[in-house]
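# Examination of the molecular architecture
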Amino acid sequence: MLRLIIGVAAGYVLGSKAGRARYEQISASARAVAGSPVTRKLVMVGRQKLSDRLSTQQKLEPMEPLDERTTVMVPHDQLRQR
C-alpha cells in the first residue's frame, strides 16, 4: 500500500511539474526497466537470497550413500562438528 501511495505522489508531482509528455516518457522508461530480463533476474536472485537468509529450515549436506537409492542428509552444523 505504501508503494502505491509513493508511486501516485511521485506521478502527480512529476506530471504537474513537467507536463504530460514528460510523465509518459518517465512512465515508459520505468516500464522498460521493470520488464527487462536483467531486472527480473536481479529481483529473482535477491528474493532467493533473502528467502535463504530468512529460512528457518536447516540446510542439509549429503553424506555417503548407503546404496544407489538412499542418501543420508545431515544438518550443516552437525557436519562441521565431526
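Residues numbered from 1 in each chain as written. Predicted model: local features only at pLDDT ≥ 70, side-chain atom pairs only at ≥ 80, totals over all residues. Heavy atoms only, no water.

## Quick word on the overall build of the protein chain
Summing up its helical and strand segments, the protein chain has 4 helices and 2 strands in all. In sequence order, the secondary structure elements of the protein chain are arranged as α-α-α-β-β-α. Burial statistics for the protein chain: of 82 residues in total, 6% are counted as buried. As presented, the protein chain carries roughly 7700 Å² of accessible surface, and 59% of it is formed by carbon and sulfur atoms. (Helix = DSSP H or I, 4+ residues; strand = E, 2+ residues; numbered from the N terminus. Buried < 20%, exposed > 50% of the residue type's maximum accessible area, 1.4 Å probe, protein only. Areas by Shrake-Rupley, 256 points an atom, 1.4 Å probe, with all protein chains shown as cover.)

## Here's the deal with the confidence of the model for the protein chain
Overall, the predicted model of the protein chain reaches an average pLDDT of 77, with 71% of residues at or above 70. The lowest-confidence element of the protein chain is helix α4 (residues 76-81), averaging 58 in pLDDT; the highest-confidence one is helix α3 (residues 37-54), averaging 88. (pLDDT = per-residue confidence, 0-100.)

## A look at α3
The terminal C-alpha atoms of α3 lie 26 Å apart, and with 18 residues this matches the ideal 26 Å at 1.5 Å per residue to within 8%. Summarising burial for α3: 0 of the 18 residues are buried, a small minority. (Expected span 1.5 Å × (residues − 1).)

## Looking at a nonpolar patch on the surface
Together, Met 1, Leu 4, Ile 5 and Val 8 line one region of the surface with nonpolar side chains, adding up to about 470 Å² of accessible area. Within the secondary structure layout, Val 8 lies in helix α1 (residues 2-18). Exposure remark for Val 8: the relative accessible area of 54% places this residue in the exposed category. (Patch = residues over 30% accessible without salt bridge, like charges linked within 9 Å, V, L, I, M, F, W, Y side chains within 5 Å. Salt bridge = Lys/Arg side-chain N within 4 Å of Asp/Glu carboxyl O.)

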